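Structural features, examined
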Amino acid sequence: MNPIRVTVWNEYRHERTEEAVARVYPEGIHNCIAAFLREAGFAVRTATLDEPEHGLTQEVLDDTDVLFWWGHMAHGEVKDEIVERVYRRVMDGMGMVVLHSGHASKIMQKLMGTNSGELKWREIGEKEILWAVSPSHPILRGLPEKIVIEHEEMYGEFFNIPDPDELVLISWFGGGNVFRSGLCYKRGLGKLFYFRPGHESFPIYYQKEVKQILINAANWASPAQLPTITTGHTPQPIVEPAR
């Protein structure tokens, strides 16, 4: 059986412009995530914003089962034609995992149909507790019912996003805010998981529980063996009429 093919996309700007972030992720957030996904048995490549076509050529996307997306400070620099290319692949069955501030990316907003950038936020490194609200979900396999992240950026409700097909995780923060932090959607033939933790200044992607969530999410979002789908005018009936 061939391994699931994952592409980890990262804007890769904070790590090159901010010393504090470079200390946490010296090889970039994308390479940190790619490393533990490879260890888990996935076939992984990376892509970044400043590569030609943002590293997301049609050939790369056609060779991708699940696309991870981390972006923050340069959402507006992502070319619309690349957004459309990714969107079409999700509609055709590619899975997607959108991380942290990727909620405000062009591709997330296109897939959600709302301004998913609308929420509360506060960056003081407060405690976050992730609570499992769907404990039997495959994304939570092998995990406890609560996960503590000692220092994180707060995102708080109201989060302007469609109701998910499945709500997997909610967050409580030390300052009292709550947030829907693990959301599953079906879009076309593809599946999307939004996972909130992952601010660039904190070592979130080194935490073992977070790694396991993302490993599980890649497995969950990978496309099933789909039948051939046809659309449009169908000249012949599927079943011959009775005579």
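Residues numbered from 1 in each chain as written. Predicted model: local features only at pLDDT ≥ 70, side-chain atom pairs only at ≥ 80, totals over all residues. Heavy atoms only, no water.

Some words on the sheet that holds strand E3 (residues 66-70)
Where we set the bar: In this scheme, strands are said to pair when DSSP sees at least two bridges between them. Only DSSP runs of H or I covering at least 4 residues are called helices, and only runs of E covering at least 2 are called strands; the numbering of each starts at the N terminus. Axis angles are defined between N-to-C directions and span 0 to 180 degrees, where every axis is a line fitted to C-alpha atoms and, for a helix, only to the segment in contact. Between two residues, a contact is recorded if the distance between any of their heavy atoms is within 4.5 Å.
The strand order across the open sheet built from 9 strands is E2-E1-E3-E4-E9-E8-E7-E5-E6, with neighbouring strands paired in mixed fashion. The open sheet has two edge strands, strand E2 (43-48) and strand E6 (146-156), and neither has a second partner. The average angle at which neighbouring strand axes cross in this sheet is 25°, direction not considered. Alignment of strand E5 (residues 120-132) against strand E7 (residues 166-173), held across 5 bridges, turns out to be antiparallel. Bridging across to E7, glutamate 128 finds its partner in phenylalanine 173. Set on the sheet, helix H3 (residues 29-39) makes contact with strand E1 (5-10), E2, E3 and strand E4 (95-99); between it and E2 the angle comes to about 175°. Together, E1, E3, E4, E6, E7, strand E8 (178-187) and strand E9 (190-195) form the strand contacts of helix H7 (residues 208-221), whose direction differs from that of E9 by roughly 165°.

As for helix H5 (residues 80-91)
Because an α-helix completes one turn every 3.6 residues, residues spaced three or four positions apart along the sequence face the same direction. Filter applied, for reference: The span you would expect from a helix comes to 1.5 Å times its residue count less one. Accessibility here uses a 1.4 Å probe with only protein chains present; expressed as a share of the type maximum, an area under 20% marks a residue as buried, one over 50% as exposed, and anything in between as partly exposed.
Compared with an ideal rise of 1.5 Å per residue, which puts 12 residues at 16 Å, H5 spans 16 Å between its outermost C-alpha atoms and is within 8% of the ideal. All of the buried residues along H5 are Ile82, Val83, Arg85, Val86, Tyr87, Arg89, Val90 and Met91. Of the surrounding elements, those touching the buried residues of H5 are helix H4 (58-62), E3, E4, helix H6 (106-112), E8 and E9. Of the residues one or two after H5, glycine 93 is the one with positive phi, at around 130°.

A short note on the environment of isoleucine 147
If you trace the backbone, isoleucine 147 turns up in strand E6. Expressed as a C-alpha distance, the spacing of isoleucine 147 and isoleucine 124, which sit 23 residues apart in the sequence, is 19 Å. In this structure, isoleucine 147 is in contact with Glu128, Ile129, Leu130, Gln207, Glu209 and Ile213, ignoring residues within four places of it in sequence.

Let's talk about the pairing of E1
Burial analysis of E1 places 5 of its 6 residues in the buried class, the great majority of the element. Here E1 pairs with E2 via 6 bridges, running parallel. Among the inter-strand pairings, valine 6 is bridged to a residue of E2, identified as valine 44. Relative to E3, E1 is paired through 5 bridges, and the arrangement is parallel.

A short note on a nonpolar patch on the surface
Inclusion rule: Every patch collects residues that have over 30% relative accessible area and no salt bridge, joining them within 9 Å if they carry like charges and within 5 Å if they are nonpolar side chains (Val, Leu, Ile, Met, Phe, Trp, Tyr). To be clear on the numbers: accessible area is Shrake-Rupley with a 1.4 Å probe, and residue cover counts the displayed protein chains and nothing else. Just to be clear on terms, a salt bridge is a Lys or Arg side-chain nitrogen sitting within 4 Å of an Asp or Glu carboxyl oxygen.
Residues Trp131, Val133, Leu167, Ile170, Trp172 and Val178 make up a contiguous nonpolar surface patch of roughly 460 Å² in combined accessible area. Among the elements that take part in the nonpolar patch, E7 stands out by supplying 3 residues, more than any other. Within the fold, leucine 167 resides in strand E7.

As for the packing of aromatic side chains
Inclusion rule: Working definition: a ring pair exists when centres of Phe, Tyr or Trp rings (six-membered ring for Trp) sit within 6.5 Å. Plane angles under 30 degrees give stacked, over 60 give edge-to-face, the rest tilted.
Per the stated rule, a full pass over the model turns up 7 aromatic pairs. A centroid spacing of 6.2 Å and a plane angle of 50° characterise the contact between tyrosine 25 and tyrosine 205, whose relative ring orientation is tilted. Residue tyrosine 25 is found in the loop between helix H2 (19-24) and H3, and its partner tyrosine 205 is found in the loop between E9 and H7; the two are separated by 180 residues along the sequence. Residue classification places tyrosine 25 among the buried positions, given a relative accessible area of 1%. On the basis of relative accessibility, which here comes to 0%, the residue tyrosine 205 falls in the buried class. Geometrically, the ring pair formed by phenylalanine 159 and tyrosine 194 is tilted, given 5.7 Å between the ring centres and 50° between the ring planes. Of this pair, phenylalanine 159 sits in the loop between E6 and E7 while tyrosine 194 sits in strand E9, and the two are 35 residues apart along the sequence. Pair check on accessibility: phenylalanine 159 and tyrosine 194 agree, each one buried. Among the aromatic residues, ring-to-ring pairing joins Tyr155, Phe159, Phe179 and Tyr194 into one connected group.

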